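What the coordinates show
The primary structure of each chain is shown beneath.
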Amino acid sequence: MKEKIFNIIQIGDKSNTISRFFDIFITVTIVSNILVTFLLTFKELAFLFPLFKAIEYVTVGIFCVEYAVRIWTAEFLYPGMRKIKARYKFLVSFDGIVDLLTIVPVFFLSGFVIFRMLRVARIFHLFRLNAKYDSFNVITTVLFEKRNQIISSVFIVLILMLASSLCMYSVEHEAQPEVFKNAFSGIWWSMSTLLTVGYGDIYPVTTLGRVMAICIAYLGVGAVAIPTGIISAGFVEQYQRKSNILNIRQADIKDIAEIFVDKRYAGKTIEEIEESDQVSIFLILRDDLSILPQKDTILKLHDIIVIRGKNKGY
């Protein structure tokens, strides 16, 4: 019974009517909660506030039940772990933290600013929709794969920002002591310049400062282009992988092929993949390990599977 409940709440299985209904139900609940949170900020709708509050408490109550059930069934989310360890891992996971931050403000005084700010965490529930029926989960996959390159590019931007802020402060401080009061003022100017925002509240007035600003502005265009290019290349790679996966059924694969496992197949067993996509899986490459697949072996995100199509002649 516990495993059946886990499959209903965790896996977006379109062939399972109950699971499909739960997905629709929780989607409506998330959207309703976010919508009333948004509408509660309009004073013109004050006469509807009691209704909005009632909807808010009902939806948060549903979140509480879902949160408790997810903790209860965490052992199936992390197979092979002990119950206590699996539940702890869920509690500190992204979904677990978002669920907790969604529920916490309701049980504390709403007058505290910090708890009012925590209500914003409800928006992150929308990522759960992505985990079930995803057409845009490519974003998270690309960011994960390209994380080292993105971090390096951000580090370069930070170095340019610090260097340009100190240079501009040194040049402009005497001419504009009230504007460039300290290095932080230079950081604010360099941020708006390097990221091509250009608020215009702080700008150089000396000739040398303007020459430096021109050079820094050009550097800013290149600095922003670096992570943009990395992410764009990652999107192209990911869409090509997804295209290969989607074409498995139609393709007559005569040779061995390697398929990258994304969120669509993560969490499914070898038997489920072989039956649904009509392929034979010979090997799983996971980190530095080579795993011989069994029927009940569960695929993980970022695994690579070695497959061959099941043609009629075989």
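See the structure printed just above.
Residues numbered from 1 in each chain as written. Predicted model: local features only at pLDDT ≥ 70, side-chain atom pairs only at ≥ 80, totals over all residues. Heavy atoms only, no water.

**What to know about the packing of helix 3 (residues 49-72) against helix 5 (residues 83-91)**
We count it as follows: To obtain each axis, a line is fitted to C-alpha atoms, and for helices this fit is confined to the stretch in contact; angles are then taken between N-to-C directions over 0 to 180 degrees. Numbering goes from the N terminus for both helices and strands, where a helix is a DSSP run of H or I of at least four residues and a strand is a run of E of at least two. Roughly parallel means an angle under 35 degrees; roughly antiparallel, over 145; roughly perpendicular, 65 to 115; everything else is oblique. We call two residues in contact whenever any of their non-hydrogen atoms come within 4.5 Å of each other. Asp, Glu, Lys and Arg are counted as charged, while Ala, Val, Leu, Ile, Met, Phe, Trp, Tyr, Cys and Pro are counted as nonpolar; the rest, among them Gly, fall into the polar class.
Orientation of helix 3 relative to helix 5, taken along the N-to-C sense of each, is 140 degrees, at an axis distance of 8 Å. The orientation of helix 3 with respect to helix 5, classified from their angle, is oblique. Between helix 3, through Tyr67, Arg70, Ile71 and Trp72, and helix 5, the contact on the second element is made entirely by Arg87, Phe90 and Leu91. Of the residues contributing to the contact of helix 3 with helix 5, the split by class is 5 nonpolar, no polar and 2 charged.

**Here we look at a nonpolar patch on the surface**
What counts is decided by this rule: Each patch is assembled from residues with relative accessible area greater than 30% and no salt bridge, linking like charges that lie within 9 Å and nonpolar side chains (Val, Leu, Ile, Met, Phe, Trp, Tyr) that lie within 5 Å. Reported accessibility uses the Shrake-Rupley method at a 1.4 Å probe radius. Residues are deemed covered only where the shown protein chains occlude them. Take a side-chain nitrogen of Lys or Arg and a carboxyl oxygen of Asp or Glu: if they are within 4 Å of each other, that pair is a salt bridge. Categorising residues by exposure relies on relative accessible area from a 1.4 Å probe, with only protein chains included: less than 20% of the type maximum marks a residue as buried, more than 50% marks it as exposed, and the intermediate range marks it as partly exposed.
Taken together, Trp188, Leu195, Val197, Tyr199 and Val224 make up a surface patch of nonpolar side chains, about 420 Å² in accessible area. For Trp188, the position within the fold is in helix 11 (residues 183-194). Here Trp188 falls in the partly exposed class, since its relative accessible area comes to 31%.

**Digging into the pattern of salt bridges**
Here the structure, examined in full by the defined rule, presents 4 salt bridges. Salt-bridge contacts for Lys53 lead to Glu56; the nearest nitrogen and oxygen are separated by 3.7 Å. Of the two residues, Lys53 and Glu56 are both situated in helix 3; the distance of 3 residues between them amounts to about one turn of the helix. Residue classification places Lys53 among the partly exposed residues on the basis of a relative accessible area of 33%. With a shortest N-O distance of 2.8 Å, Glu66 and Arg70 are connected by a salt bridge. A residue pair is termed a helical-turn pair when its members lie 3 or 4 positions apart in one helix, as Glu66 and Arg70 do in helix 3 at 4 residues. Glu66 sits in the buried class, given a relative accessible area of 5%. Given a relative accessible area of 5%, Arg70 falls into the buried group.

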